[in-house]
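Survey of secondary and tertiary structure
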Amino acid sequence: MTTSRYIGRFAPSPSGELHFGSLIAALGSYLQARAQRGLWLVRIEDIDPPREVPGAATTILQQLEHYGLHWDGEVLWQSQRHEAYREALSFLQQQGLSYYCTCTRSRIQQIGGYYDGHCRTLNHGPENAALRFVQHHPVLSFEDKLRGKLIADENLAREDFIIHRRDGLFAYNLAVVVDDNYQGVSEIVRGADLIEPTVRQISLYQQFGWTVPDYVHLPLVLNENGAKLSKQNHAPALAQGDPRPVIHAALTFLNQPIIAGWQDLKLSELLRLAVQNWSLPAVVPGSS
Ligand SMILES: [Zn+2]
């Protein structure tokens, strides 16, 4: 019997500083890891330079420190991992599990928004082409530890999705799987906006022959219009100054027990009690 240690992570992209919604993902993954005496890693997902904001990664790390969310080990930067992504791509290529696609976005829109495998047998070269994964074994559902069995959109699950973009950037689904496996992540706790690509990620784990981690998708923080808080819809910045009211509000959002007298506690003590009280089943899944 092998007993493997719990390893969790928080993996923000530096497209802006943390807001209350991303703090929920950070805090939820932190508490879930610490409650199991596991490791909590931080990875900066800086693989999409056009979408990145200069200085945002540094700000995010400073914010985590400010809120007392101290990570284990060194931060992993996806911008330093290109060699690993290239290796993963060449493995898939050698297995005959990828092909170049020159189809335009407008062609795919015209056929209903999902790719139809048009280029699978056309043997295009890499020039001005995206690389797609051959989806022989679609994953149609997965078990979420908070939400139970989640059924995938079948069109999405069956699609030959992009693993290397036409503009030369590595695709999110490829990088996230390669890195979570590399870091030994045993459970992924993240926001419900990432439920959709999970089945694609699981199918990559299976093709690589890697152990699929457990999944937990936390509820999203919505604004008054019912939209997810995000940089795109101008989520307000987290308050500077005393971190404790923000942590308290985040614990309340996650439906955790109220910690009596939290205003009088040190931040480290507040977080220690939050770890001690942490209950994943108490989190209300919410809309997704
Ligand atoms: Zn194509």
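Residues numbered from 1 in each chain as written. Predicted model: local features only at pLDDT ≥ 70, side-chain atom pairs only at ≥ 80, totals over all residues. Heavy atoms only, no water.

**Details of the packing of aromatic side chains**
The cut-off we apply is this: To pair, rings of Phe, Tyr and Trp, with the six-membered ring standing in for Trp, must have centres within 6.5 Å; the planes then decide the type, stacked if under 30 degrees apart, edge-to-face if over 60, and tilted in the middle. Lysine and arginine charges are scored as sitting over a ring when NZ or CZ, respectively, is within 6 Å of the ring centre and within 35 degrees of the ring normal.
Taken as a whole and assessed by the stated rule, the structure comprises eight aromatic pairs. Taken together, the ring pairs connect F10, Y30 and W40 into an aromatic cluster. When the ring centre of Y182 is taken as reference, the NZ or CZ atom of R81 above it lies at 3.8 Å. One residue, R132, lies across the ring of Y115, its end atom 3.7 Å from the ring centre.

**Remarks on helix 1 (residues 20–35)**
The criterion, for reference: Numbering of helices and strands runs from the N terminus; a helix is a DSSP stretch of H or I covering at least four residues, while a strand is a stretch of E covering at least two. Expected helix span is taken as 1.5 Å per residue step, with the number of steps being one fewer than the number of residues. For each residue, the accessible area found with a 1.4 Å probe, counting protein chains only, is set against the maximum for its type, and the residue is called buried under 20%, exposed over 50%, and partly exposed in between.
With 16 residues, helix 1 should cover 22 Å at 1.5 Å per step; its first-to-last C-alpha distance of 22 Å lies within 8% of that length. Judged by how many residues are buried, helix 1 sits mostly within the fold: 14 of 16 residues are covered. R37 occupies a position one or two residues after helix 1 and carries a positive phi of about 50°.

**Considering the side chain of Q63**
The line we're drawing: Residues adjacent in sequence count toward polar contacts only when both atoms are side-chain atoms; beyond that, a polar contact is any pair of N or O atoms within 3.5 Å, and within protein one must be able to donate a hydrogen and the other to accept it. The contact rule is simple, with two residues in contact once any of their heavy atoms fall within 4.5 Å.
If you trace the backbone, Q63 turns up in helix 2 (residues 56–66). Note on Q63: relative accessible area 10%, which makes it buried. Of note is the side chain of Q63, whose polar atom sits 2.8 Å from the backbone nitrogen of L18. Apart from residues lying up to four places away in sequence, Q63 is in contact with E17, L18 and L238.

**Here we look at the sheet that holds strand 3 (residues 76–77)**
Quick note on the threshold: Any two strands with at least two DSSP-identified bridges between them are counted as paired. Between N-to-C directions, angles cover 0 to 180 degrees, with each direction set by a line fitted to C-alpha atoms, over the stretch in contact for helices.
Taken together, the three strands give an open sheet; going across it, the order is 1-2-3, and neighbouring strands pair in parallel fashion. Looking at the sheet topology across the chains shown, the edges are occupied by strand 1 (7–10) and strand 3. Along the sheet, helix 1 contacts strand 1 and strand 2 (39–44); its crossing angle with strand 2, the most-contacted strand, is approximately 150°. With respect to the sheet, helix 2 is in contact with strand 1, strand 2 and strand 3, its orientation differing from that of strand 2 by roughly 160°.

**Things to note about the UniProt feature "binding site: L-glutamate" (unreviewed entry) in the chain**
Applicable threshold: UniProt positions are given in the numbering used here, feature names are shortened, and annotations may be inferred rather than shown by experiment.
Here, UniProt's "binding site: L-glutamate" (unreviewed entry) annotation points to R9, F10, A11, P12, S13, E45, Y172 and R190. Take R9: it is sitting in strand 1. By relative accessible area, R9 is classed as buried at 4%. Beyond its immediate sequence surroundings of up to four residues, R9 is in contact with S29, W40, L41, R43, V176, D180, V185, I188, V189 and R190.

**Here's the deal with the pairing of strand 7 (residues 148–151)**
Strand direction decides the pairing type here: strand 6 (residues 141–144) and strand 7, joined by four bridges, are antiparallel. By the bridge assignment for strand 7, D144 is matched with G148. Between strand 6 and strand 7, which pair antiparallel and follow one another directly, the connecting turn spans three residues.

**So, the pattern of salt bridges**
What counts is decided by this rule: Only one rule defines a salt bridge in this text: a Lys or Arg side-chain nitrogen within 4 Å of an Asp or Glu carboxyl oxygen.
By the definition in use, this model includes 16 salt bridges. The salt bridge partner of D179 is R81, with a shortest N-O separation of 2.7 Å. Of the two residues, D179 is situated in helix 6 (residues 172–182) and R81 in the loop between strand 3 and helix 3 (82–94); the sequence distance between them amounts to 98 residues. Ionic pairing is found between D242 and R244, a salt bridge with its closest N-O pair at 2.9 Å. Three or more residues joined by partner-sharing salt bridges are found here, namely R9, R43, E45, R81, D179 and D180.

**A short note on the pairing of strand 5 (residues 130–133)**
The alternating pattern of strand 5 places A130 and R132 and L131 and F133 on opposite faces, both of which are buried. One ladder, built from four bridges, connects strand 4 (residues 98–101) with strand 5; its direction is antiparallel. For C101, the partnering residue across the bridge sits in strand 5 and is A130.

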